[in-house]
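Each chain is listed here by its residues.
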Amino acid sequence: MERVLAVTERQQSDEATNAPTTPAPVPSPAAFAARPRPVAPAASPTEASTAPAAPSVPLTPGTTAAEAARFGRAEEDGHVFLLLDGEEVPVGQYPGASKEEALAYFARKFDDIAGQITLLEQRVEAKAPSTDMNKTVKHLREQLAERHSIGDVRAAEARLEVLDERIKSLQQAERAEHEAARAVELASREAIVAEAEELAGQDPASMQWKNGSARMNELFDAWKLAQKDGLRLGKATEDALWKRFRAARTIFDRHRRAFFSQLDSANAVAKTAKEKLIEEAEALSSSTDWGVTAGDYRDLMDRWKAAPRASKKEDDALWTRFRAAQEKFFEARKQANAVIDQEYSANLVVKEALITEAKGLLPITDLAATKKSLQSIRDRWEEAGKVPRADMQRVEAGLRSVEDAVRKADDDHWKRTDPEAKARTNSALSQLEAAIASLQDDLDKAKAKGDAKKIKNAEEALAARQAWLEQIRKSADELA
C-alpha cells in the first residue's frame, strides 16, 4: 500500500503544477478501479440542484458527479479547485479533458484516501494490532493537507480525529494486555527460578538425587521453551533471571558431585569393613566347636549391623557372601546335632516315664515319703543322660513343676513348725490378753461413771483387740 501511496503522491505533485499548453495524456481509470471507495452521504436537494450536469465519462463508484460538484469545480482549461470553508483552493490541472472528467479525476483521489480511512476504521473495529496505525493516520492527514483531491475534506479529517482517539484506546488496551501477559510470563519464569533455587538449597544428605536431578532437568527444559516461545521480558530482566537460574543449577550440580564423591568414599570404607567380616565368617565356617563358634557368629552379626552400609547392589552381594559362610557352619552343626539327637532318643523315653511317675506323687499327703520318692526319681533322671535338643526344655519343665510343688509344701510345713514363730505367737497372745483385760477394766469404770465418750472409746479399742486376738489364735492353731 505504501508503494501505491508513493506513486499517487508523485502523480499529485506532477499534476498540481501548471500544465504545458500541449495536453497531457489522460490517466486510465482502471488504475483506480481496485481501490476501495466508501459511499459518501447523499447530497441535499439544494446542493443537488446547484451541481453541474453529470459528465459524459462515468465516475467510479464512491463519489457521484453531484457530490464532486459540491466540494469542487473545474475550469475549461482543466484547472480544478477545492471548495473548502467558503474558499477555493487550487488542487491541480487536468488539461485536454472536459470539466467533468477533470473534476472526477481529483474526486477519485479523495475516494482513494477515504477508502484507506475506511480500511483503517475496519482494522480498529476488529481490534487488529495497532502497529503503524498512527503512521497511517499521519500519512492520510498529510495527503488531505496537500489539497490534491476533491471531496468532504473536513468529514475525512473528523473521521481521522475519531480514529486517532480510538487508536489510542486500542493501544492502551494492547499495552494493558501486554503487561498482563508479561506479568504471567514473569511469574512463570520466576517460579522456575524459585524452584531451582529451592532444590539447590536442600540438604545434600537428605536430597532424593534421582528425583531432584530429573526435576532440575525438567526446569531447564521449561526455561529453554519459555526462551524460545514465551513473551519477551526485556534483556535486563531475562539476564537477571537467567543468572539466578544458572547459579542455582551450578550449586545443585556441585552439591550432587560432592555428595556422590563422598558416597563413593563411604561405600569403599563400608565395603572394606564388611569384606573383613566376611573373611572372619568364612574362616569360622568349618569349625566344629559348636558352642564357641556360634557365639563368635553372634558377635560377627552384631559387628555387621554396626558397620556402615555400602551401595545397595554391593551391600546385597556382601550380605550374600556373609550369610553363606554362616549357613555353612550352622548347617554342619544342625547335621551334627541330628546325629546326637538320634542317640539321645532312648534317654527321652526314660525321662518321660520319670515325669509321669513324679506327677503321680501329687497331691502330697505325706511330705516325708513324697520327698524320698522324688529324690529317687532325681537320681534316675541324672543317670538317664541327655535328651534331644528339641525336647530338652519340655522335659525339664515337666519335672520342675513337681519339684516346685514339693518345695512349696516343705516351706509351708516349716512355717507351721518354726519354734521362733510359735514363741512370737505366744508372746503376742499374752500381750493382747493383758491389753484386753485392761481395756475391759477401763470400760467397767467408764460405765460406773456414766461417761459416754470414754465408754465409746473403750468399746472400740476392746473390739479391735479382740479381733486381733482371734487372728493370732488361728495362726497358733495352724502352727500346732
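Quick summary incoming for the structure in this document. (Residues numbered from 1 in each chain as written. Predicted model: local features only at pLDDT ≥ 70, side-chain atom pairs only at ≥ 80, totals over all residues. Heavy atoms only, no water.)

### Let's talk about the packing of helix α8 (residues 235-284) against helix α9 (residues 290-306)
- At their nearest, the axes of α8 and α9 sit 11 Å apart, and the two run at 170° to each other. When the axes of α8 and α9 are compared, the pair comes out roughly antiparallel. On α9, the residues touching Lys274, Leu277, Ile278, Glu280, Ala281 and Leu284 of α8 are Thr293, Asp296, Tyr297, Leu300, Arg303 and Trp304.
- Grouping the constituent residues of the contact of α8 with α9 by class yields seven nonpolar, one polar and four charged. (Axes fitted to C-alpha atoms, helices over the stretch in contact; angles between N-to-C directions. Helix = DSSP H or I, 4+ residues; strand = E, 2+ residues; numbered from the N terminus. Parallel < 35°, antiparallel > 145°, perpendicular 65-115°, else oblique. Contact = heavy atoms within 4.5 Å. Nonpolar A, V, L, I, M, F, W, Y, C, P; charged D, E, K, R; others polar.)

### Comments concerning the environment of Ala270
- One can find Ala270 in helix α8.
- Between the alpha carbons of Ala270 and Ala310 there is a distance of 5.3 Å; along the sequence they are 40 residues apart.

### Quick word on the nonpolar core
- If you look at the biggest cluster of nonpolar residues, it comprises 32 residues, and the most contacted ones within it are Val80, Phe106, Ile117, Met133, Leu144, Ile150 and Leu160.
- Going through the elements one at a time, α3 (65-71), β2 (79-84), α4 (99-125), α5 (133-145) and α6 (153-201) are the ones with two or more residues in this core.
- The leading source of residues in this core is α4, at 11 residues.
- Each residue touching Phe106, except ones within four places of it in the same chain, is listed here: Val80, Val91, Gly92, Gln93, Tyr94, His148, Ser149 and Ile150. (Core = buried A, V, L, I, M, F, W, Y, C linked by side-chain atoms within 4.5 Å. Buried < 20%, exposed > 50% of the residue type's maximum accessible area, 1.4 Å probe, protein only.)

### Examining the packing of α6 against α8
- Packing of α6 against α8 brings their axes to within 8 Å, and their N-to-C directions diverge by 20°. Taken together, α6 and α8 sit at an angle that is classed as roughly parallel. Considering only the axes of α6 and α8, their crossing is left-handed. Note on element contacts: α8 touches α6 through Thr237, Glu238, Leu241, Arg244, Phe245, Ala248, Ile251, Phe252 and His255, opposite Arg182, Leu186, Arg189, Glu190, Ile192, Val193, Ala196, Glu197, Leu199 and Ala200.
- A breakdown of the residues in the contact of α6 with α8 according to their chemical character gives 11 nonpolar, two polar and six charged. (Left-handed = near helix turned anticlockwise from the far one by under 90°.)

In short, geometric facts, not functional conclusions.
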